[in-house]
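# Structural characterization, general
The chain contents come next:
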Protein chains: 2
Amino acid sequence: MTTRPLPDFDLMRFTPYRLAVAAERTSEELARQYRKRFGISIPEWRVLVHLARPTDGARTVSVRDIEARVAMEKSKVSRAASRLEAAGLIAKTVEAGDRRLVRLALTDAGRALMAELLPLALAYQREIEARLAEAFAGLEAGLEALLRE
Amino acid sequence: MTTRPLPDFDLMRFTPYRLAVAAERTSEELARQYRKRFGISIPEWRVLVHLARPTDGARTVSVRDIEARVAMEKSKVSRAASRLEAAGLIAKTVEAGDRRLVRLALTDAGRALMAELLPLALAYQREIEARLAEAFAGLEAGLEALLRE
DNA sequence: TTGACTTCATTGCATATGCAATGATTATGC
DNA sequence: GCATAATCATTGCATATGCAATGAAGTCAA
């Protein structure tokens, strides 16, 4: 029962923790705008953003497809898509060739919303880059190394 | 109703998104070990880590205190602390000087657990640093710039 | 063709979360 | 000294989440 000294561990220097805090801060700052002004959550935003990219090859755009590209559980994608459909921002149709697949696509209202949202995101990205200045390239390289594998 | 072209936006290049994915991957990799082997969640782990640092000045170690340092909502801290108390890993006592405050402290069992957990975390940190090699310094500088303010 | 296996998307369920409200205690102004 | 305001921790409640299970559709081999 003697009080063995514990290893000295500083959470503030722990990379996973630092990443989590940085991610939360940056995401939340923008997400607050989405939420308050458009009623859009982060999962919903990710789905919308993916659908807003026309240049992407074959464009199956199924739930499975988005799950793979957007790093979200498929149930999360499915529920986000349902909410977006209920809001009239996307349309879900059964794929003709393979009736297991659900084809997701922006509605006109969805495109109109993205025409407002995307400039906000682009501006925020530029703001981050400006705030980090020279440090941005290093962050990018580090993230690249972390995400690549 | 003409299809206006949307701004070209690549989620994969969006810093908040990259941070979120990187944070999720690194945290989850370690959290899986906590969970499977010790039944500890990330919020619980953060509380434990904070309590495991003896060198920290006045050491009030209230829920409020942890909330501020560990970047978690106070309800999250409160619930994590309750679970840890139920598991016998920490003790909660009312602060004598200010009876609104709850003083949190590791029990002997809690210290014993941390003696196992902390080396895992330290090893993981070293693994990340090795994996990133020269890119690590850049990542650190970038995170520093993001988190400082 | 049939039957076992795989792939997709959704849903059920238990748990986790954020936020506001509450209760308890202490600080402050008059 | 007393009423009001501020601080701290917990809890209620609605919603979100992860994971497993389900159901529907397609593939493959014999």
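See the structure printed just above.
Described in the following lines is the structure provided in the data block. (Residues numbered from 1 in each chain as written. Chains lettered and ligands numbered in written order. Predicted model: local features only at pLDDT ≥ 70, side-chain atom pairs only at ≥ 80, totals over all residues. Heavy atoms only, no water.)

## Let's talk about the interface of chain B and chain A
- The interface of chain B with chain A comprises 62 residues on the first partner and 62 residues on the second.
- Sorting the residues of chain B by area buried against chain A places Leu6(B), Phe9(B) and Arg18(B) first, and these three jointly supply 12% of that buried surface.
- In this structure, the connection of chain B to chain A is made through six salt bridges.
- Here chain B and chain A share 14 residue pairs in polar contact (both at pLDDT 80 or more) between them.
- Contributing elements (two or more residues each) for the side of chain B that touches chain A: α1 (15-38), α2 (42-51), α3 (63-70), α5 (108-132) and α6 (135-147) of chain B.
- Partitioned by chemical class, the residues of the side of chain B that touches chain A number 39 nonpolar, seven polar and 16 charged. (Contact = heavy atoms within 4.5 Å. Buried area = accessible area lost by both parts, 1.4 Å probe. Salt bridge = Lys/Arg side-chain N within 4 Å of Asp/Glu carboxyl O. Polar contact = N/O pair within 3.5 Å; in protein donor to acceptor, adjacent residues only side chain to side chain. Helix = DSSP H or I, 4+ residues; strand = E, 2+ residues; numbered from the N terminus. Nonpolar A, V, L, I, M, F, W, Y, C, P; charged D, E, K, R; others polar.)

## Topic: the relation of the copies chain B and chain A
- Expressed as a screw operation, the relation of chain B to chain A combines 0.0 Å of axial shift with a rotation of 180°, fitting to an RMSD of 0.1 Å. Such a combination of rotation and displacement between the chain copies is what one expects of a two-fold axis.
- The residues that chain B uses at the interface reappear at the interface of chain A in 100% of cases, marking a shared surface. (Least-squares fit on C-alpha atoms with pLDDT ≥ 70 in both.)

## Remarks on helix α6 (residues 135-147) of chain A
- Helix length check: α6(A), at 13 residues, gives a terminal C-alpha distance of 18 Å against a target of 18 Å (1.5 Å per residue), a fit within 8%.
- Within α6(A), ten of the 13 residues are buried, which leaves it mostly tucked inside the rest of the structure.
- Every buried residue of α6(A) is accounted for by Ala135(A), Phe136(A), Gly138(A), Leu139(A), Glu140(A), Gly142(A), Leu143(A), Ala145(A), Leu146(A) and Leu147(A).
- If you follow the buried residues of α6(A), they end up packed against α1 (15-38) and α5 (108-132) of chain A together with α1, α5 and α6 of chain B. (Expected span 1.5 Å × (residues − 1). Buried < 20%, exposed > 50% of the residue type's maximum accessible area, 1.4 Å probe, protein only.)

## Brief notes about the protein's contact with DNA strand C
- Near DNA strand C lie 19 residues; those nearest to it are Ser62(A), Arg64(A), Ser78(A), Arg79(A) and Arg100(B).
- Counting only the atoms of DNA strand C that lie within 4 Å of the protein, the sugar and phosphate share comes to 64%.
- Arg100(A) places a polar side-chain atom, nitrogen or oxygen, 3.1 Å from a base oxygen of DNA strand C.
- Arg99(B) has a polar backbone atom sitting 3.0 Å from a phosphate oxygen of DNA strand C. (Near = heavy atom within 4 Å.)

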